[in-house]
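# Geometric and topological summary
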Amino acid sequence: MESAEGRAGHDGGLARHDGEFQVVVAGAGPVGLMVACELRTAGTSVVVLERNTEPERVTKAGSIGPLAVEALERRGLGEELRTAEQETLQGYLRMAEVAGLDPEKAVPKEHFAGIEKLERPGSADEGRRRMRVEQPVLVDILRRRAERLGVVVRPGHEVSGVEQDEQAVVVTAHTSAGPRRVRGQYLVGCDGGNSAVRTLTGFKFTGTAPTVTGRQGVVEIDDWGQVPHGFHYTPRGLMVHGLGVNRVAAIEFDGPPDPGAPPLTAAELQESLRRIGGLNVSITHMATGGRFSDLAHQATEYRRGRVLLAGDAAHIHAPFGGQGLNVGLTDAVNLGWKLAAVLDGWAPAGLLDTYTAERHRIGAELLENTRAQTALMRPDPHSTALRGLLEELLDLDEVKRYVVGMLAGFGVRYDLGDAHPLVGTLCPTMKLDPMGPGEPALASLADVTADGRGVLLDLGGCDDVVRTGARWSSRVRTVSAKADRDDVDALLMRPDGCVAWALPRGAHFDPGTLTVALATWFGQDPGV
């Protein structure tokens, strides 16, 4: 493999460039950094081009969804996340003290369209949970991981041109020192809802137009006692307090933001809060802030030649229910290992095309449920009546379980052509114990997934499973262990956490079925 900075000025099929990497990633937000870390974990050389000179500090998401949490834990970031969450929770306690709130009610609840009745009913997914880690803190965690892995990050590089042919992509970036050109075998656009990569490459981006203006900020207010906690509906809109430490939002249903408006100011947010709630409060300081809308668009495809999209570059929607970060990070882990396999030369035919096939439907469903939330949030009498009906329905555990699962993504199941109920689902974290004396100490699934390989879990002490998997040992780690589940004797898990094959408890093991699954996702037997 060539060095990350190697071969500057290579005379390839495209124009001269200032550096060469296997993959160029546009955007150093959480999705771009996650893609880059997944690629680098697999040994791929990668550069991240970021238009901002400093990490963005706006709190676009106040928490991380369960599937994204599990993806981060699989790469060994669990301890950092838990530490960060404790710091966030301490911030909520301080906020509660200043605002005169009950500390037990300060931490936000999960909600659908502002209806906070989503406490978990008993289910198989009960142990999977959202973590209260705000987006800027997650970006810091991922930047540290990227640095440890040797990812090259170039701030102050705004993508302004994309050229591709059958062999490579050349990306032109505007910088303070003039234009810079970087060559890669692939380009991944993770550069947000206004993605330059998406526009320059000609992806179709279609959906529904924006109808609301949301303003939000992390602020200090002269009299927090006047600001109701949680969701507060009025005939003029919606106020939200507490979806993030000292974070307030004001949503008005009078049309989208002016695209030419200057950045949000404390005075503008203050006036919106006064219009909606009739509050006589003053914002004395705004640490970060911004506007949002309910624009809901999705790229019709996630790949065009050697250019791929992930996160907000692929799908943009209203930030209701805290779903965007969860879906974006699971886009990243689905794509990262597949692209690395292609570059490493062992990817089965069509592997990269499964990225769009698997993730496009998830993005489409996300847009639909955020559109539904926007409709329920409107202050008109008809929407208010419909919201009241749903609030009553959420008293039913079956309805509540469905909505909780939808927001969390628990219903994600890719069609892998296997009827077993686990195959195609994203495997939750599970406790693991050594199978016998002398085996390496284990605590959970995260202990065997940090290197980014697939994992074959032998949970029933089946030597034939171990022997079959051993032939793919360079791409799949085989682990014999005991687990806190009694429904399967073995599982094959892709690097993104997706179950690719399962052996039911007590069933006869047919080596042929496992061999087919291994070849389908990890290429032909490396020993052949």
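Structural data are supplied above this passage.
Residues numbered from 1 in each chain as written. Predicted model: local features only at pLDDT ≥ 70, side-chain atom pairs only at ≥ 80, totals over all residues. Heavy atoms only, no water.

Attention now moves to a nonpolar patch on the surface. On the surface, a nonpolar cluster with roughly 350 Å² of combined accessible area is contributed by L386, L389, L393 and L396. With respect to the helices and strands, the residue L396 is situated in the loop between α10 (381-393) and α11 (397-408). The class of L396 is partly exposed, set by a relative accessible area of 47%. (Patch = residues over 30% accessible without salt bridge, like charges linked within 9 Å, V, L, I, M, F, W, Y side chains within 5 Å. Areas by Shrake-Rupley, 256 points an atom, 1.4 Å probe, with all protein chains shown as cover. Salt bridge = Lys/Arg side-chain N within 4 Å of Asp/Glu carboxyl O. Helix = DSSP H or I, 4+ residues; strand = E, 2+ residues; numbered from the N terminus. Buried < 20%, exposed > 50% of the residue type's maximum accessible area, 1.4 Å probe, protein only.)

All right, on to the environment of Y186 then. Within the secondary structure, Y186 is located in strand β6 (residues 178-189). Judged by its relative accessible area of 7%, Y186 falls in the buried class. As a C-alpha pair, Y186 and V170 span 16 residues in sequence and 9.0 Å in three-dimensional space.

As a further point, take the packing of aromatic side chains. On inspection of all chains with the given rule, the structure shows five aromatic pairs. Here the aromatic rings of W346 and F522 are separated by 6.2 Å at their centres, their planes lie at 25 degrees, and the arrangement is stacked. Taken as a pair, W346 in the loop between α8 (324-344) and α9 (353-377) and F522 in helix α13 (residues 511-522) lie far apart in primary sequence, 176 residues in all. Assessed through its relative accessible area of 18%, W346 is described here as buried. By the ring-pair criterion, three or more aromatic residues cluster together here, those being W337, W346 and F522. The residue whose ring lies beneath R198 is F205, and the NZ or CZ to ring-centre distance is 3.5 Å. Against the face of Y233 rests R387, its NZ or CZ located 3.7 Å from the ring centre. (Phe/Tyr/Trp six-rings, centres within 6.5 Å; stacked < 30°, edge-to-face > 60°. Lys NZ or Arg CZ within 6 Å of the ring centre and 35° of its normal.)

This part covers the pairing of strand β13 (residues 296-299). Burial along β13 is two-sided: A296 and Q298 and H297 and A299, pointing in opposite directions, are all buried. Bridging between strand β7 (residues 205-208) and β13 involves four bridges; their strand directions are antiparallel. The partner of G207 across the bridge, within β13, is H297. As paired strands, β13 and strand β16 (residues 315-316) are joined by two bridges and run antiparallel to one another. (Pairing = 2+ DSSP bridges.)

A few words on the packing of helix α1 (residues 30-41) against α8. Direction vectors running N to C along α1 and α8 enclose 25 degrees, while the axes themselves pass 8 Å from each other. Comparing the axis directions of α1 and α8 gives the class roughly parallel. Remark: the crossing between α1 and α8 carries right-handed chirality. Contact residues: P30, V31, M34, V35, E38 and L39 in α1; L325, G328, L329, A332, V333, G336, L339 and A340 in α8. Across the contact of α1 with α8, the residue classes break down as 11 nonpolar, two polar and one charged. (Axes fitted to C-alpha atoms, helices over the stretch in contact; angles between N-to-C directions. Parallel < 35°, antiparallel > 145°, perpendicular 65-115°, else oblique. Left-handed = near helix turned anticlockwise from the far one by under 90°. Contact = heavy atoms within 4.5 Å. Nonpolar A, V, L, I, M, F, W, Y, C, P; charged D, E, K, R; others polar.)

Turning to its location among the elements, K338 is positioned in helix α8. In this structure the side chain of K338 is engaged in a polar contact, spanning 2.8 Å, whose partner is the side chain of N334. Each residue touching K338, except ones within four places of it in the same chain, is listed here: L351, L352, T354, Y355, E358 and R494. (Polar contact = N/O pair within 3.5 Å; in protein donor to acceptor, adjacent residues only side chain to side chain.)

As enumerated under the stated definition, the model contains 31 salt bridges in all. Residue E70 pairs with R128 through a salt bridge whose shortest N-O separation is 2.8 Å. Of this pair, E70 sits in helix α2 (residues 66-74) while R128 is found in the loop between α4 (103-106) and α5 (135-149), placing the two residues 58 residues apart along the sequence. Here E70 falls in the buried class, since its relative accessible area comes to 5%. Here the salt bridges do not stand alone but share partners, grouping R215, E252, E268, R275 and R291 into one network.

Our focus in this paragraph is the sheet that holds β16. Pairing is antiparallel across the open sheet formed by three strands, whose spatial order is β7-β13-β16. Because the sheet does not close on itself, it has two edges, and the strands there are β7 and β16. Against the sheet, α9 touches β7, β13 and β16, its axis set at about 175 degrees to β13.

Honestly, it's all geometry; don't read function into it.
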